[in-house]
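What the coordinates show
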Number of protein chains: 2
Amino acid sequence: MHAEIRQHRNLQGTLEQVKTLLKRMDLVDNLVRRQSTHDSPSRQELVKNIVRKQNLTSLQQKLESLHPADLAYVLESLPLDQRQIVWELVTPERCGAVLLEISDAVRESLIATMPHTEIIGAAQHLESDEVADLVQDLPQNLVTQVLNAMDSQHRASVQSALSFPPESVGAFMEFNTLSIREDVTLEVVLRYLRSRKSLPEQITHLLVVDRIGTLKGVLYLKDLLLHSPNTLVSELMAPEPVFFYTDDTAREASLMFERYGLISAPVVNLHKQVVGEIHVDVLMAFVHEISQKEMLNQVGLSEEEDLFAPIWKSGKNRWLWLALNLMTAFFASRVIGAFEQTIGNLVALAALMPIVASIGGNTGNQTGALIIRGLALQQINQSNLRYLLMKEISIGLMNGIIWGSIVALFALGLYQQLGLALVMLTAMVLNLLIAALAGIFIPLTLHKLGRDPVMGSSVLLTAITDSMGFFIFLGLATVFLL
Amino acid sequence: MHAEIRQHRNLQGTLEQVKTLLKRMDLVDNLVRRQSTHDSPSRQELVKNIVRKQNLTSLQQKLESLHPADLAYVLESLPLDQRQIVWELVTPERCGAVLLEISDAVRESLIATMPHTEIIGAAQHLESDEVADLVQDLPQNLVTQVLNAMDSQHRASVQSALSFPPESVGAFMEFNTLSIREDVTLEVVLRYLRSRKSLPEQITHLLVVDRIGTLKGVLYLKDLLLHSPNTLVSELMAPEPVFFYTDDTAREASLMFERYGLISAPVVNLHKQVVGEIHVDVLMAFVHEISQKEMLNQVGLSEEEDLFAPIWKSGKNRWLWLALNLMTAFFASRVIGAFEQTIGNLVALAALMPIVASIGGNTGNQTGALIIRGLALQQINQSNLRYLLMKEISIGLMNGIIWGSIVALFALGLYQQLGLALVMLTAMVLNLLIAALAGIFIPLTLHKLGRDPVMGSSVLLTAITDSMGFFIFLGLATVFLL
């Protein structure tokens, strides 16, 4: 394990080495092909095969020296044809571990090329929670085959892991826990531990349970070390540890792990019986994945994208967002269309109107980002909502007057029309107020409807500030300037 | 510790309880004041003081039952005046811990109200790395006072923690490590451990070092438990553990912790001598903070904002971004201004031009988000850049033709001019190509310049797609339609 990680300081270098080996294989193929006129075809094949085999061996050795996570990185960074060559060289017992580390999009493409027997084989080398993670994207009949190939205890764990909602603590927990009873001595505990083949390296404590598996406390390994073997577990255990229910969300759990600096915590069912444990590394990977996903969600990319996916597939991934944006743009365009006569009379309006819309969109998105952050940190509630509303409205008013004046001066300098400048100022103030309201209520509403406010807030908000910006500015101009 | 965390399931409820207690104190004040006509002033004061003291006591008890992280949450969620009352009730030995958990913006406001002696006192109850974290925002003379109040060893650690760059592993590591020599038996190790007053609960291993402190390996606690006391450390230790240098970035470290599922890792100097250890909980909090900051950075909020900061301060926090946006909007406005004559001749152009600009901005931001993600995951390098470029250009071309045609049909339906529709289609295709290029090269350039591509990419990109969208569309219209 540790030797594998040693390469971490030069992951890019590792990738280059793999690429060089792959290129060398290609070169040999071409070289031999070019010499084909001189040699007999069989001799040519022979040379080709020998050199190819040598290169394959060095590539395979290189791959075997990599940690599954690094292998996943290499696979993700290779174009489709090279990825396939490398994937076929990964030994069956490591396939599962690599698939777990790889991004969803690439995993899908790899699984699609694997024979069913290989997929079933790969699953045999994984823990129950890992299998559950892996089979989620597989067709039902294949899942059944994977499950049937397991022993009954393993199968039961996988099935219960699969029964928990996707982003719940249950879906992320590990089933294998070490639990002891509170009425035994440390000596008994030590004997029990020594009777096991191996213990996990990262273990910090044992769970203390009663006869029917109810969580009573935890016994830290360090207490096991420091006290006399005659001490009873009940004397040393820390009672009332933080625990999670299987249906708590992984997001809540990760917030709590972060807040209280937890390393692992027991997971219990509704009767407070221990069913597993959840560890910080799993949650850290989850947080990481979520934050990456949110960034993509913000621009309407709901799915992870394989850098090397076919153009058609990547292009389609962006359609939903494009369609949504097109609709809002059409709407804004029709708002302007309604004032075509006004614009015909005063063309300067066409040049100035995007300013009102654009500043509105930007300030609205600032407010939105603060609200989304407040919601994520659970800082926003009924009692401070009114305060927040008043505050954002005041800021909108203040910034509207300050920046609206600057814009008005700009317009005045260009077109020497005081009326136009005043319309510009008024429109800026009003649109900034609308932006503040939209920035508060859009994420709040999405949140109340149980949707992720990160996804969609920005489109909706810009649609409102654009259309309203055009409408207010052109409307005021129509009333006061014509 | 554990009892404190028990409240985690109802943090909102805790907050409400605190608020109720605060409100009750206010009520008493008012009630007593209203009765003032009947009673003598001294009696009135007496009643007020008694009831006030009772309420204060229950509030203080409530606060003391809270974990520092939860207390931080309560403080962040209270308006300024109530926040001050609660803050004054926090016991001195917990002040430091609470300040560490609180957001930068709120911390600043709390420290501003504390007498220097209290700040110095708060620092005495913290670990060296925590003190270093805390004093970063303090004025230099106060830092000196804090340092002078410490014993020399503690002070030296704080000073060396302060000497590391802000987001480096050195700045986040803990100085207190447990290290042993490889040529001793487990019995000696056990005796050494028992001689210490206490061990950290989360400990999983001891560091193995040589005579001059060079890292040789780690000894897992579980191995200490399972093997005979006569075994030598060198026989059991895991050699070549993953370690970090003090000047590695915390971001790299967190990626590696996540990738390899680490819990803690030794930190060494350039001579590979152990200087401390870095733990997963610190890095998890760091990742969490970074991801929150990035969301705010995207909309130009460089500083965290206290929900209850004065309006003037919050308003100013948004100015840089507003100013930047105003400049780009002015520029786009001047591009349109150059075509005023064209628009005067064909007003439909004014209604259609925002569509071209808006779709360009959105697709550009999609490409940008994918590139930023690729950069964060270190998936983009010289060798696949050309491939990515070709791919994004192809997608831009494909989506430009598909969605440009839809837009062209929309324009044709509205204005019945084939020429206008064709100009629209061409402008869409060209602007989507520009958006693809901008979406790739803007984040890449910012990254190469050593800046965070998340901050600023979007403004720059929208500036380009807006201006170029207007320019291409109105330019084509001027050439072909007039």
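Residues numbered from 1 in each chain as written. Chains lettered and ligands numbered in written order. Predicted model: local features only at pLDDT ≥ 70, side-chain atom pairs only at ≥ 80, totals over all residues.

**As for the overall build of chain A**
When you go through chain A residue by residue, the secondary structure sums to 24 helices and seven strands. Taken over the C-alpha trace, chain A has a radius of gyration of 31 Å; the compact-globule value for 482 residues is 23 Å, which it surpasses by more than 25%. Taking the principal axes of its C-alpha atoms as reference, chain A extends roughly 90 × 85 × 40 Å. Taken over 482 residues, chain A has a buried fraction of 44%. When contacts within chain A are restricted to residue pairs at least 6 apart in sequence, those whose partners lie at least 24 apart make up 70%. (Helix = DSSP H or I, 4+ residues; strand = E, 2+ residues; numbered from the N terminus. Rg over C-alpha atoms; globule rule 2.2 N^0.38 Å. Buried ≥ 20, exposed ≤ 12 C-beta atoms within 10 Å, placed from the backbone. Contact = placed C-beta atoms within 7 Å.)

**Describing the relation of the copies chain B and chain A**
Under the fitted operation, chain B is carried onto chain A by 0.0 Å of movement along the axis and a turn of 180°, and the coordinates agree to an RMSD of 0.1 Å. Overall, the copies show the geometry of a two-fold rotation axis. Of the interface residues in chain B, 100% have counterparts in chain A that sit at the interface too, so the contact is made through matching surfaces. (Least-squares fit on C-alpha atoms with pLDDT ≥ 70 in both.)

**Notes on the interface of chain B and chain A**
With 103 residues of chain B at the contact, the number on the chain A side is 104 residues. For the side of chain B that touches chain A, the element with the highest residue contribution is helix H21 (residues 348–376) of chain B, accounting for 16 residues. The residue inventory of the side of chain B that touches chain A, partitioned by class, reads 57 nonpolar, 31 polar and 15 charged. (Nonpolar A, V, L, I, M, F, W, Y, C, P; charged D, E, K, R; others polar.)

**A short note on the sheet that holds strand S6 (residues 264–268) of chain A**
Residue and element names in this part refer to chain A. Read across the open sheet, the three strands follow the order S5-S6-S7; overall the sheet is mixed. Two strands in the sheet have a free side with no partner beyond their single neighbour: strand S5 (244–245) and strand S7 (274–279). Direction of pairing for S5 relative to S6: parallel, over a ladder of two bridges. Bridge pairing in S6 links Tyr245 to Val268. (Pairing = 2+ DSSP bridges.)

**Thoughts on the sheet that holds strand S1 (residues 179–181) of chain A**
Residue and element names in this part refer to chain A. The four strands are arranged S1-S2-S3-S4 in an open sheet whose pairing can be described as mixed. One side of each edge strand has no neighbouring strand; the edge strands of this open sheet are S1 and strand S4 (238–239). In this sheet, strand S2 (residues 205–209) lies alongside S1 in parallel orientation, the contact comprising three bridges. Looking across to S2, one finds that Ile180 is bridged to Val208.

**Looking at the domain arrangement of chain A**
According to the domain assignment, chain A contains domain 1 (2–167), domain 2 (179–289) and domain 3 (318–481). Placing a centre on the C-alpha atoms of domain 2 of chain A and another on those of domain 3 of chain A gives a separation of 52 Å. (Domains from an automatic or database assignment.)

**A word on the packing of helix H23 (residues 418–448) of chain A against helix H24 (residues 457–481) of chain A**
All names here are of chain A. Contact pair H23 / H24: the axes reach a minimum separation of 8 Å and the direction vectors enclose 155°. By the angle class used here, H23 and H24 are roughly antiparallel. In the crossing of H23 with H24, the sense of the turn from one axis to the other is right-handed. When its residues are assigned to classes, the contact of H23 with H24 shows 20 nonpolar, seven polar and no charged. (Axes fitted to C-alpha atoms, helices over the stretch in contact; angles between N-to-C directions. Parallel < 35°, antiparallel > 145°, perpendicular 65-115°, else oblique. Left-handed = near helix turned anticlockwise from the far one by under 90°.)

**Considerations on the packing of helix H22 (residues 382–415) of chain A against helix H19 (residues 319–337) of chain B**
Close contact between H22 of chain A and H19 of chain B brings their axes to 12 Å; oriented N to C, the two are set at 25°. Classified by the angle their axes make, H22 of chain A and H19 of chain B are roughly parallel. Relative to H19 of chain B, H22 of chain A is oriented so that their crossing is right-handed. Taken together, the residues of H19 of chain B that come into contact with H22 of chain A (itself represented by Asn399, Trp403, Ile406, Val407 and Phe410 of chain A) are Leu322, Leu326 and Phe330 of chain B. In the contact of H22 of chain A with H19 of chain B, the residues fall into seven nonpolar, one polar and no charged.

**Quick word on the environment of Met256 of chain B**
Residue and element names in this part refer to chain B. With respect to the helices, strands and loops of the structure, Met256 is situated in helix H16 (residues 250–260). Residue classification places Met256 among the buried positions, given that 21 C-beta atoms sit within 10 Å. Measuring from C-alpha to C-alpha, the distance between Met256 and Ala421 comes to 53 Å, with 165 residues separating the pair along the chain.

**Concerning the nonpolar core**
If you look at the biggest cluster of nonpolar residues, it comprises 141 residues, and the most contacted ones within it are Ile278 of chain A together with Ile278 of chain B. One finds Val356 and Ala427 of chain A together with Met295 and Ala411 of chain B within the second-largest nonpolar core, a separate group that totals 127 residues. (Core = buried A, V, L, I, M, F, W, Y, C linked by C-beta atoms within 7 Å.)

**Remarks on the pairing of S7 of chain A**
Residues and elements named next belong to chain A. Where burial is concerned, most of S7 is hidden: five out of the six residues are buried. For S6 and S7, the ladder comprises five bridges, and the chain directions are antiparallel. Looking at S7, one finds that Val268 is bridged to Val274. Counting the residues in the hairpin turn of S6 and S7 gives five residues, including Lys272, whose phi is positive at 60°.

**Quick look at the environment of Asp306 of chain A**
Residue and element names in this part refer to chain A. Position of Asp306 relative to the elements: it lies in the loop between helix H17 (280–298) and helix H18 (311–317). Of the residues examined, Asp306 has 21 C-beta atoms within 10 Å and is grouped as buried. Each C-alpha atom, one on Asp306 and one on Ser103, is 7.9 Å from the other, the two residues being 203 residues apart in sequence. Not counting residues within four places of it along the chain, the set of residues in contact with Asp306 comprises Ala105, Val106 and Ser109.

**Some words on unusual backbone geometry**
All names here are of chain A. With a phi close to 60°, Lys272 is a non-glycine residue in the positive phi region. The residue Lys272 is located in the loop between S6 and S7 in this model. Judged by the 16 C-beta atoms lying within 10 Å of it, Lys272 is partly exposed. Although it is not a glycine, Gln416 adopts a positive phi angle of roughly 50°. If you trace the backbone, Gln416 turns up in the loop between H22 and H23.

**Quick look at the environment of Gly315 of chain B**
Checked against the element boundaries, Gly315 of chain B lands in helix H18 (residues 311–317). Gly315 of chain B has contacts with Ile395, Met398 and Asn399 of chain A, leaving out every residue within four places of it along the chain.

**Considering the confidence of the model for chain A**
All names here are of chain A. When pLDDT is averaged across chain A, the result is 87; 95% of the residues are at 70 or more. Per-element confidence in chain A ranges from a low mean pLDDT of 49 for helix H1 (residues 2–5) to a high of 95 for H23. Here the predicted complex carries an ipTM of 0.83, next to a pTM of 0.83. (pLDDT = per-residue confidence, 0-100.)

**Considering helix H4 (residues 68–76) of chain A**
Most of H4 of chain A is tucked away: nine of the nine residues are buried. Every buried residue belonging to H4 of chain A is among Pro68, Ala69, Asp70, Leu71, Ala72, Tyr73, Val74, Leu75 and Glu76 of chain A, and all of these are buried.

**Observations regarding helix H22 (residues 382–415) of chain B**
Taking 1.5 Å per residue, 34 residues should reach 50 Å; H22 of chain B reaches 47 Å between its end C-alpha atoms and fits that length. For H22 of chain B, every residue scored as buried is listed here: Leu388, Lys391, Glu392, Ile395, Gly396, Asn399, Gly400, Trp403, Gly404, Val407, Ala408 and Ala411 of chain B. Looking at the buried residues of H22 of chain B, the elements they touch are H18 and helix H19 (319–337) of chain A together with H21 and helix H23 (418–448) of chain B. The positive-phi residue at the C-terminal boundary of H22 of chain B is Gln416 of chain B, with phi of around 50°. (Expected span 1.5 Å × (residues − 1).)

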